[in-house]
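# Notes for the structure review
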Amino acid sequence: GAQSSRDVLSKEDLEFLKCNTDYDEQTIIEYYKGFLSDCPEGKLNPATFCQIYSKCFPTGNAKQFCDNVFRSFDTDQNGVIDFKEFLLSIDINCNGTPEEKLSWAFRMYDMDGNGYIDILEMTKLVSSIYKMIGAGQDHLLHDETPLERAQAIFQRMDVNDDGKVTKYEFTRSCLEDQNLLDLLTPIAQM
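This structure is a prediction, so every number in the text was calculated from the model and none was measured.

### Some remarks on unusual backbone geometry
In this structure, Gln77 takes a positive phi of about 55° despite not being glycine. On the basis of relative accessible area, Gln77 is assigned to the exposed category, the value being 52%. Backbone geometry places Asp161, a non-glycine residue, at a positive phi of 55°. A relative accessible area of 64% means that Asp161 is categorised as exposed.

Spelled out as structure tokens, the structure:
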């Protein structure tokens, strides 16, 4: 029946993932088995994704941040994450260059997809990071409120003072500041 065909990754998907990730066939198959055990239908919805993701941040509330991460994983924007989307995002966050990781993170921060980050988007995301990392990582927070931190980050990134942070400004700022990189890419440290 239909269920048994889902237990095996299609040849096309396997070949695609071997070509587009750093994973070998055995690793891809292992990831696929784990993916199916978490979501037997082969699609990860936002609620299940958040349940799984929250386990990585047990001391904080990851719900708000999860929504943004989910959007970045769901590259075709159909409301679910399939295995290919899942593994491609995991690969970038585990094996990607700093530039690839930051490009992925930029998509997460650019909530409306208009090609730049405004102060409102930065504030929402910094607030969600504060809630998510909780008490265990407060050395990253520098005793600032989320708004103060977002404004300070935004000011540093918005090099030309036009009220927008472009992908180039975002990437350059993060590559020049390890603390900023650690705060703004918490998924890469999982």
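### Points about the pattern of salt bridges
Counted according to the given criterion, the structure contains six salt bridges. The residue Asp13 makes a salt bridge to Lys84 at a minimum N-O spacing of 3.6 Å. Within this pair, whereas Asp13 is found in helix 2 (residues 11-20), its partner Lys84 is found in helix 6 (residues 83-95), the two being separated by 71 residues in sequence. Among the residues examined, Asp13 registers a relative accessible area of 25% and is labelled partly exposed.

### Notes on the packing of aromatic side chains
Counted by the stated rule, this structure contains eleven aromatic pairs. Centre to centre, the rings of Tyr23 and Tyr31 are 5.2 Å apart; their planes meet at 55°, and the pair counts as tilted. The exposure class of Tyr23 is buried, given its relative accessible area of 11%. Taking the centre distance of 4.9 Å and the plane angle of 75° together, the rings of Tyr32 and Phe83 count as edge-to-face. One end of the pair, Tyr32, is in helix 3 (residues 25-38); the other, Phe83, is in helix 6, and 51 residues separate them in sequence. The exposure classification of Tyr32 matches that of Phe83, with both residues buried. What links up through ring pairs into an aromatic cluster is the set Tyr32, Phe35, Phe49, Phe70, Phe73, Phe83, Phe86 and Trp104. Between Lys84 and the ring centre of Phe16, over which it is positioned, the NZ or CZ distance is 4.6 Å. Over the ring of Tyr116 we find Lys164; its NZ or CZ atom is 4.8 Å from the centre of that ring.

So, how was this worked out
Think of each chain on its own: its residues are numbered from 1, step by step along the sequence as written. The model is predicted, so local features are restricted to residues of pLDDT at least 70 and side-chain atom pairs to those at 80 or more, both for listing and for counting; the totals for chains, interfaces and linings are taken over all residues. Values reported for side chains reflect all heavy atoms of the structure, with hydrogen atoms and water molecules removed beforehand. Categorising residues by exposure relies on relative accessible area from a 1.4 Å probe, with only protein chains included: less than 20% of the type maximum marks a residue as buried, more than 50% marks it as exposed, and the intermediate range marks it as partly exposed. A pair is scored as a salt bridge if a Lys or Arg side-chain nitrogen falls within 4 Å of a carboxyl oxygen belonging to Asp or Glu. Put simply, DSSP marks the helices as runs of H or I at least four residues long and the strands as runs of E at least two long, and each gets a number from the N terminus on. The aromatic pairing rule takes the rings of Phe, Tyr and Trp, using the six-membered ring of Trp, and pairs them if the centres are within 6.5 Å, calling planes under 30 degrees apart stacked, those over 60 edge-to-face and the rest tilted. In this analysis the charged atom, NZ for Lys or CZ for Arg, is taken to sit over a ring once it is within 6 Å of the ring centre and within 35 degrees of the ring normal.

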